[in-house]
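An overview of the molecular structure
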Number of protein chains: 2
Amino acid sequence: MRNIKLILQYDGSRYHGWQVQPGRPTVCGTLLRRLRIILNEDISLSASSRTDSGVHARCQVANFKTAAPIPVKNLRRALNGLLPDDIVCRGASVVPDKFNARFAVSRRYRYTIRNSSCKYPFDIPYSYFHPRALDAGLMKESSLHLLGPHDFSAFHSSAGEKINRVRNIINIDVVKRGGYVYIDVEADGFLTHMVRIIAGTLLEAGRGRFSPSDIKKILAGRDRRNAGPTLPARGLCLMRVKY
Amino acid sequence: MRNIKLILQYDGSRYHGWQVQPGRPTVCGTLLRRLRIILNEDISLSASSRTDSGVHARCQVANFKTAAPIPVKNLRRALNGLLPDDIVCRGASVVPDKFNARFAVSRRYRYTIRNSSCKYPFDIPYSYFHPRALDAGLMKESSLHLLGPHDFSAFHSSAGEKINRVRNIINIDVVKRGGYVYIDVEADGFLTHMVRIIAGTLLEAGRGRFSPSDIKKILAGRDRRNAGPTLPARGLCLMRVKY
């Protein structure tokens, strides 16, 4: 049995997220169908991140074990030949048996806000449009309160489960460039909708509804109702995974 | 009556081109419906270029005459409020009565080829994918034979009409950058599918099927069958219009 690692890119617009769901198109399901054809074998796929419905990936990492003898170079080509245009395999390689894509050290996500008086028709599926000017300096200052390990209950779409909500944000940055505000968040892991709620909260800071010190209080209060809105999935993209 | 000029951007994927066609979604038809609501008046719209089905525009110029008193600033806002996400009005201004968007001095189009071993899932609607390496130097050298006024019958999707097929290419350039080859063509006007056939012919040059001097012969021969294929509409975008 070889352990094979895949580097994947996808436009998540058409998919109900990564995770297989019966009767709905998912990224993992779409890949599995093609892999089973190529390998002539039933496999299971492990991934670094279970991206939500509509979320994109420029770099998703997955792996699977197989007894099929196909060379990895041919595997990549065969897979891209069968996949729809919105999912691409950028690389396939044999990795040590113990590698599991799930156990990443960190993941980096980017949330993209189109911040200009006009929409741009070519990035509608990949950004959230906010026409009034945002103060990226205030957004960045606010974001720094989220750095480090914290209980992120205030930034979690809760279904009320009692789980450990401590995550460690290793890097966070807000950059304004060419009509866009980019929010980059790298953490050891993320709660449900965490980046989208962080983005919605920083957006409120950028338009002056929250001050940077409010962000500190929202975090400490651990109450989802105090944070900003959950921004739409289409602005979110998985950018990098570290092992 | 005021004469109002509009600067428009659109993702042409969903539209059967600029020109109104009964029963089909078109860019002009979509705009006219909204303008008639806003102005409460029946107007007609003149444009710099009748972009084909599936072709995009980063800068299309149009104009119309109206007796409605709405300030142009409000017009832009009202129009963007009613338009679907894939058409955006970037500007509206009052221009001299004699201005007609049709009578541009030149139009510049860009054809985008994704030239990399892998597709990129985020640009599928805006580029043509060619996986084998293209020699952009050869493409550029070939393109220079097309500069100036010529009979472009070889680069025309003919329905056999007898028309004047002389057009003047003012600028042409081929640039390879970051996994893309961009073909930019500025001319006083274009024949049907002219840029897409030029792009298909230069692509053949880039992969060694045509030499630069072949391009000269193809042009002189005025026979569509000698040129390269018509590349798909999705890679084509109207970039700039000069008056």
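Residues numbered from 1 in each chain as written. Chains lettered and ligands numbered in written order. Predicted model: local features only at pLDDT ≥ 70, side-chain atom pairs only at ≥ 80, totals over all residues. Heavy atoms only, no water.

Concerning the environment of B:Ile183
Residue and element names in this part refer to chain B. Applicable threshold: Here a strand is any run of E in DSSP of at least two residues, a helix any run of H or I of at least four, and the numbering for each starts at the N terminus. The contact rule is simple, with two residues in contact once any of their heavy atoms fall within 4.5 Å.
Examined against the element boundaries, isoleucine 183 turns out to sit in strand S9 (residues 180–187). Distance in space between the C-alpha atoms of isoleucine 183 and methionine 139 is 9.0 Å, their sequence separation being 44 residues. Those residues in contact with isoleucine 183 that sit more than four places away from it in its chain are Tyr109, Arg110, Tyr111, Ile113, Met139, Asp173, Val174, Ala199 and Leu202.

Concerning the interface of chain A and chain B
It is common to give the size of an interface as the accessible area that goes away when the parts come together. The condition that has to hold: As used here, buried area is the combined drop in accessible area, with a 1.4 Å probe, of two parts when they are placed together. A pair is scored as a salt bridge if a Lys or Arg side-chain nitrogen falls within 4 Å of a carboxyl oxygen belonging to Asp or Glu. Think of a polar contact as two N or O atoms within 3.5 Å of one another; within protein, one of them needs to be a possible hydrogen donor and the other a possible acceptor, and neighboring residues in sequence only count if both atoms come from side chains. Each residue is assigned to one class: nonpolar for Ala, Val, Leu, Ile, Met, Phe, Trp, Tyr, Cys and Pro, charged for Asp, Glu, Lys and Arg, and polar for all the others, Gly among them.
Taken together, the contact between chain A and chain B spans 22 residues of the former and 22 residues of the latter. Per-residue buried area on chain A facing chain B is highest for A:Asp85, A:Pro121 and A:Phe122; these three make up 32% of the total on that side. B:Lys119 is paired through a salt bridge with A:Asp85; the nearest N and O atoms lie 2.4 Å apart. Scanning the region where chain A abuts chain B turns up 2 residue pairs in polar contact (both at pLDDT 80 or more). Within the side of chain A that touches chain B, the residues separate by chemical class into 10 nonpolar, 4 polar and 8 charged.

Remarks on the confidence of the model for chain A
So the rule is basically this: Each residue carries a pLDDT value, the predictor's own confidence for that position, ranging from 0 to 100.
Residues of chain A with pLDDT of at least 70 account for 98%, and the chain-wide mean is 96. Prediction confidence for the complex, expressed as pTM and ipTM, is 0.91 and 0.85 respectively.

Thoughts on the nonpolar core
Stated precisely, the cut-off is as follows: For the purposes of this section, nonpolar cores are sets of buried Ala, Val, Leu, Ile, Met, Phe, Trp, Tyr and Cys residues that join through side-chain atoms within 4.5 Å. A 1.4 Å probe rolled over the protein chains alone gives each residue an accessible area, and that area as a share of the maximum for its type sets the label: buried under 20%, exposed over 50%, partly exposed in between.
With 71 residues, the main nonpolar core has A:Leu6, A:Trp18, A:Leu45, A:Phe155 and A:Ile183 as its most contacted residues. A total of 8 residues in this core trace back to one element, the largest contributor, which is helix H4 (residues 194–206) of chain A.

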